[in-house]
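# Notes for the structure review
Listed below are the residues making up each chain.
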Amino acid sequence: MASATRSRDTPLAVLVLPSLLMFVTFAVVPLFGVVVLSFTKWDGIGAILPNGLGSWRQVLADPQTWRSLWLTIMTMAVTWAVQTPLSILLGTFLAGHQRYRALLGVLYFLPLLLSSAAIAIAFKSLFDPNFGLGAGLHIPLLSQDWLGVQLAFPVVLSVISWQFIPFHTLLYQGGVRQIPVQLYEAAQIDGANRFQQFFRITLPQLKYTIITSSTLMLVGSLTYFDLIFVMTGGGPGNATRILALDMYIRGFKANQMGAASVIAVFLVVLGLGMALGVQRLGGRDKTASQLEGM
Amino acid sequence: MTHLSAFSRRGFLAAGAGIAAASVVGCSSSTATGTASGGAAGKASMWGLTGKPSEQILTDCVAAFNKLGKGTIDVTLFQNDAYKQKVRTAVGAGEAPTLIYGWGGGILKGYADAGQVLDLTDWVSSQAAWKAKFFDLSWGAGTSNGKIFGVPANTTGPLVMYYNKKLFDQVGASLPTTWDDVMTLVGTFNSKGIAPFSLGGGSKWTSMMWLEYLFDRIGGPDVFNNIYAGKKDSWGDASALKAYKMVQDLVDANGFVKGFMSVTADSNADQALLYTGKAAMMLHLSGAYGAMKSVQADFVKTNLEFGGFPSIPGGKGDAKNIAGNPAMFWSISAKASDAEQTAAKNWLLEGEFTDTVVDAFINSGQVPVQKSAEAKIANSADKTFLSYIYSMVTSAPNFQQSWDQALSATQAEALLNNISQLFSKQIGPDQFATNMNATL
């Protein structure tokens, strides 16, 4: 047994090299660069000047940073709370092997095929206050100023959820299909109804899928950018300026690379912390099985 | 729409940094080959913008020049918004093309301060006859600290008031000449269920146009000149504060179309509001004329009226003063070899504004920054509009360059952001002044 493991170790280390190299070149080195840049002043074309804690002070004292952080946290919390229950329900529903479910599944997965930019442009047109869906159909209820100061943020969050629910549904569908059918058979013999089966078998068995899906959602929404950028550009005013967008605007519009790097460091720390935190929820023992005794 | 996109400087960037980054890689290699085969042959690289009709005019003009045997220009075209970031990255990395296309103002000053573009002052003054062919006011935004770093390019783009004549006839009103007229018209149109002004407030620079004119009409060109010179508290000038208040009064009076903060200029939805009769008036770049003509030729022919920004009673500014984009600019990279620079200069002298080029711009409904345009406009199909723009530009005592181009990128971003909050009433006049004074 021991020798078998050792003989496998060497080639594994070699196999891991290419991806490790890529990871170091494209993730670790730039990350280090960002930390260095956060202590400098640079407009993108001139010389990079050391700035000590100047950029940090500037960013920490700017109320916009904290507003953006709040919007980012809201984005994570709301999209998670909306997407998770819907995805679990849809995933469980689509895990059934009936024909009509497969057909509906194809329809549900459609948003997954569209690029974020395409989705953003399409919704922007639909929500247009003068030429959009509401104005076109003359339905007063739909003729709101959807992307105005009041509604822009909730509307953007809804579109994000709409875009990603299919992906997480797919994860949960796979998760549900992995659950051994014997569990359900045994439960049926014991007289458990559908709801009991869902809450006592399906949900607990999906624990690791929930953790994976939640990690993807939380870390993903932390750095979410493209859809909001195209749909509102952070506006109106700063109503949808989440941290990732704030970083882009500071770096590439205002040409303050130092300040943008500070936000980038923020995002890295937050993202890493969150990913580790969610993984912790799953328990320390990564090899623990839910199928013991099966 | 495409030809306006050349002007919509702060529009959205659908392509994103990914494409920009990919094209940096793609193009730095073409620049490298240009340099390698340069030398005696005098082959210069040039980066320009896509978008009809200017794209076609540029490529035709370069092809014609290359046949003259005075050097070769190798042109590469980019989409407007992707170009802005790409050229900045390239200039910063010392990989700029020989001929750099730009908007002048604060960004060009940044290049000049970093020593990345050639000081053309002596060369331009040695070519007096050639220099005199350009509009006199067009050189300003290409000049920094009295030195010329950019040669005017393409067309002039002042901001014009557009009116839907049909709607004016419908309510029995005449075109406004003063601010009081404007406020009266706001009430008249609102009472008939017509939006007074169309505005693509989501694009921010569109709202900025209003402040540019209000500043001038109330306090004259000095109000912004003080800001440009970095004078303390200049955003809090009494005239400036009055302008912010007037903007918010106009917003309160429902002067702008419903939901204007989420209307964007990239999609030309603001122009559509005017020609579909949902809004009666619009302040926009002169390029909007050609853009509307390309989609609604009948409307432009029969129902479109235009004029200058109304005067403000008691204001100091001359009603003939204008704001907008005086010109685009060509700069020459300081990193280019002598042979490349010579080819580039030859093109500027003999290729950039040939008769054919001037004709082509006029046919597309634009006014090139050349005095020779005047005679040609008289025979053009768009004579009324083009001669109006021509006289507007040549008789203006002051042509204020768009603020977001004139200021540094850092100030411009803060400005656009605060303007967006001012128009959506998230902040008041005093807060706006405080926020902007902090950037001086």
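How each quantity is defined
Residues numbered from 1 in each chain as written. Chains lettered and ligands numbered in written order. Predicted model: local features only at pLDDT ≥ 70, side-chain atom pairs only at ≥ 80, totals over all residues. Helix = DSSP H or I, 4+ residues; strand = E, 2+ residues; numbered from the N terminus. Rg over C-alpha atoms; globule rule 2.2 N^0.38 Å. Buried ≥ 20, exposed ≤ 12 C-beta atoms within 10 Å, placed from the backbone. Core = buried A, V, L, I, M, F, W, Y, C linked by C-beta atoms within 7 Å. Domains from an automatic or database assignment. Contact = placed C-beta atoms within 7 Å. pLDDT = per-residue confidence, 0-100. Nonpolar A, V, L, I, M, F, W, Y, C, P; charged D, E, K, R; others polar. Pairing = 2+ DSSP bridges. Axes fitted to C-alpha atoms, helices over the stretch in contact; angles between N-to-C directions. Parallel < 35°, antiparallel > 145°, perpendicular 65-115°, else oblique. Left-handed = near helix turned anticlockwise from the far one by under 90°.

## Comments concerning the overall build of chain B
Helices and strands together make up the secondary structure of chain B, namely 22 helices and 13 strands. Computed over its C-alpha atoms, the radius of gyration of chain B comes to 22 Å, within 12% of the 22 Å expected for a compact globule of 440 residues. Summarising its shape, the C-alpha atoms of chain B cover approximately 70 × 50 × 40 Å along the three principal directions. When burial is assessed residue by residue, chain B has 56% of its 440 residues classed as buried.

## Focus on the nonpolar core
Within the largest apolar cluster, 187 residues are counted, with the highest numbers of intra-cluster contacts made by Val156 and Ile263 of chain A together with Leu214, Ala243, Val247, Val257 and Ala279 of chain B. In terms of domain composition, this core takes at least three residues from each of domain 1 (2-156 + 326-371) and domain 2 (158-324 + 402-437) of chain B. Beyond its immediate chain neighbours, meaning those up to four positions away, Val156 of chain A contacts Ile228, Met231, Thr232 and Thr240 of chain A. Formed by 5 residues, the second largest nonpolar core is a distinct cluster that contains Tyr172, Val176, Leu206 and Ile210 of chain A.

## Observations regarding the confidence of the model for chain B
Residue and element names in this part refer to chain B. Summarising the model, chain B shows a mean pLDDT of 87, and 90% of its residues fall at 70 or more. This stretch, residues 1-41, has a pLDDT under 50; its non-local contacts, to residues over four places away or in other chains, come to 85 contacts. Interface scoring of the predicted complex returns ipTM 0.83; its pTM is 0.84.

## With respect to the domain arrangement of chain B
Residues and elements named next belong to chain B. Domain assignment breaks chain B into domain 1 (2-156 + 326-371) and domain 2 (158-324 + 402-437). Taken together, the 19 residues of domain 1 in the interface contact 22 residues of domain 2. Counting residues per element, the side of domain 1 that touches domain 2 draws most heavily on helix α5 (residues 105-113), which supplies 4 residues. Per-class residue counts for the side of domain 1 that touches domain 2 are 6 nonpolar, 11 polar and 2 charged.

## Regarding the pairing of strand β9 (residues 279-285) of chain B
Residues and elements named next belong to chain B. Of all 7 residues in β9, 7 are buried; the element is thus mostly enclosed. Across 5 bridges, the pairing between strand β7 (residues 157-164) and β9 is antiparallel. Looking at β9, one finds that Tyr162 is bridged to Met282. When strand β8 (residues 195-198) meets β9, the two strands line up parallel, connected through 3 bridges. Within β9, the position partnered with Phe197 by the bridge is Met281.

## So, the interface of chain A and chain B
Every contact between the two is made by 26 residues of chain A and, on the other side, 31 residues of chain B. Of all the secondary structure elements, the ones that give two or more residues to the side of chain A that touches chain B are α12 (226-231) and α13 (243-253) of chain A. Tallying contributions element by element places α13 of chain A first for the side of chain A that touches chain B, with 3 residues. Its residues placed into classes, the side of chain A that touches chain B shows 11 nonpolar, 10 polar and 5 charged.

## Observations concerning the pairing of strand β3 (residues 99-102) of chain B
Within a regular strand, the side chains alternate between the two sheet faces. Residue and element names in this part refer to chain B. Of the two faces of β3, the one lined by Leu99 and Tyr101 and the one lined by Ile100 and Gly102 are each fully buried. As judged from the 2 bridges shared by strand β1 (residues 43-49) and β3, these two strands associate in the parallel manner. Opposite Trp47, over in β3, you have Ile100 as the bridge partner. Bridge count for β3 against strand β12 (residues 328-332) is 4 bridges, and the pairing is antiparallel. Among the inter-strand pairings, Gly102 is bridged to a residue of β12, identified as Phe329.

## Observations regarding the sheet that holds strand β6 (residues 151-153) of chain B
All names here are of chain B. Taken together, the 5 strands give an open sheet; going across it, the order is β2-β1-β3-β12-β6, and neighbouring strands pair in mixed fashion. Single-partner strands in this sheet number two, and they are β2 (72-78) and β6. Taken over all neighbouring pairs, the strand axes of this sheet differ in orientation by 25° on average, direction set aside. The sheet contacts of helix α16 (residues 338-350) involve β1, β2, β3, β6 and β12, and relative to β1 the element is tilted by about 55°.

## Here we look at the packing of helix α2 (residues 54-61) of chain A against helix α14 (residues 257-281) of chain A
Residues and elements named next belong to chain A. Taken N-terminus to C-terminus, the directions of α2 and α14 make an angle of 70°; their axes are 9 Å apart at the nearest point. Put simply, α2 runs roughly perpendicular to α14. Two packed elements cross with a definite hand, and for α2 against α14 that hand is right-handed. Contact residues: α2 offers Ser55, Trp56, Gln58 and Val59, while α14 offers Gly258, Ala259, Val262 and Ile263.

## So, unusual backbone geometry
Residue Gly235 of chain A is joined to Pro236 of chain A through a cis peptide bond whose omega torsion reads -5°. Positive phi values are uncommon outside glycine, yet Asn154 of chain B reaches one of about 55°. We classify Asn154 of chain B as buried; it has 26 C-beta atoms within 10 Å. We note that Lys425 of chain B has phi near 60°; this positive angle belongs to a residue other than glycine. If you trace the backbone, Lys425 of chain B turns up in the loop between α21 (409-423) and α22 (429-437).

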